[in-house]
Amino acid sequence: MDKQHLIEELITIITPYTEEKSALERVGENTDFIKDLKINSANLVDIILDIEEKFKIEIDNDSMAKMLTVKATIEVIESKLQANAG
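Bear in mind the structure is a predicted one, so any value in this text is a computation, not a measurement.

Definitions and limits used
- Residues numbered from 1 in each chain as written.
- Predicted model: local features only at pLDDT ≥ 70, side-chain atom pairs only at ≥ 80, totals over all residues.
- Heavy atoms only, no water.
- Salt bridge = Lys/Arg side-chain N within 4 Å of Asp/Glu carboxyl O.
- Helix = DSSP H or I, 4+ residues; strand = E, 2+ residues; numbered from the N terminus.
- Core = buried A, V, L, I, M, F, W, Y, C linked by side-chain atoms within 4.5 Å.
- Buried < 20%, exposed > 50% of the residue type's maximum accessible area, 1.4 Å probe, protein only.
- Contact = heavy atoms within 4.5 Å.
- Axes fitted to C-alpha atoms, helices over the stretch in contact; angles between N-to-C directions.
- Parallel < 35°, antiparallel > 145°, perpendicular 65-115°, else oblique.
- Left-handed = near helix turned anticlockwise from the far one by under 90°.
- Nonpolar A, V, L, I, M, F, W, Y, C, P; charged D, E, K, R; others polar.

Novice: Whenever I open this one, the pattern of salt bridges confuses me. Can you help?
Specialist: This structure, assessed with the given rule, holds three salt bridges. Between Lys-80 and Asp-60 there is a salt bridge, with the nearest N and O atoms lying 2.6 Å from each other. With Lys-80 in helix 4 (residues 70-85) and Asp-60 in the loop between helix 2 (41-55) and helix 3 (61-66), the pair connects residues that are 20 residues apart, well separated along the chain.

Dropping the structure here:
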């Protein structure tokens, strides 16, 4: 799965949780969930649960703590997908 496809999947997941709907048009690897999209920490947990369900992965607490930007989130998803494939 390429990065652009992962970003598109993430946008679908985060859309219901963001207060900044206009910022969704500019989501890229450097997008910060809290600063740019105004997603609160409680909703970040919901997003992570949605990601786990969508990609059929488990995200540990250390990985969860890193998932504050789109880039970091993609790295965690890719890492977990590779671990599951192996």
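Picking up where we left off.
Novice: Is there a simple way to think about the nonpolar core in this case?
Specialist: For soluble globular proteins, the rule of thumb is that nonpolar side chains tend to be buried together. Leu-37, Ile-47 and Ile-51 are the most contacted members of the largest nonpolar core, which totals 24 residues. Taken together, the elements giving at least two residues each to this core come down to helix 1 (3-14), helix 2 and helix 4. The contacts of Leu-37, once residues within four sequence positions are left out, are Ile-14, Thr-18, Glu-19, Glu-20, Ala-23, Leu-24, Val-27, Thr-31 and Asp-32.

Novice: What is the right way to read the environment of Glu-19 from this model?
Specialist: One can find Glu-19 in the loop between helix 1 and helix 2. Among the residues examined, Glu-19 registers a relative accessible area of 62% and is labelled exposed. For the pair formed by Glu-19 and Ile-39, sequence separation is 20 residues and the distance between their alpha carbons is 6.7 Å. Sequence-distant contacts of Glu-19, that is, excluding residues within four places in its chain, are made with Leu-37 and Lys-38.

Novice: What is the right way to look at the packing of helix 1 against helix 2 in this model?
Specialist: Each pair of packed helices can be summarised by the angle the axes make with each other and by the distance between the axes. Between helix 1 and helix 2, the least distance of the axes is 10 Å, while the angle of their chain directions is 130 degrees. In terms of orientation, helix 1 and helix 2 fall into the oblique class. For the crossing formed where helix 1 meets helix 2, the hand is right-handed. On helix 2, the residues touching Leu-6, Glu-9, Leu-10, Ile-13 and Ile-14 of helix 1 are Ile-47, Asp-50, Ile-51, Lys-54 and Phe-55.

Novice: How should the packing of helix 1 against helix 4 be read in this particular structure?
Specialist: Running from N to C, helix 1 and helix 4 point in directions that differ by 110 degrees, and their axes come no closer than 11 Å. Classified by the angle between their axes, helix 1 and helix 4 sit roughly perpendicular to one another. Within the contact between the two elements, helix 1 uses Lys-3, Leu-6, Ile-7 and Leu-10 and helix 4 uses Val-70, Thr-73, Ile-74, Ile-77 and Glu-78. Considering only residue class, the contact of helix 1 with helix 4 consists of six nonpolar, one polar and two charged.

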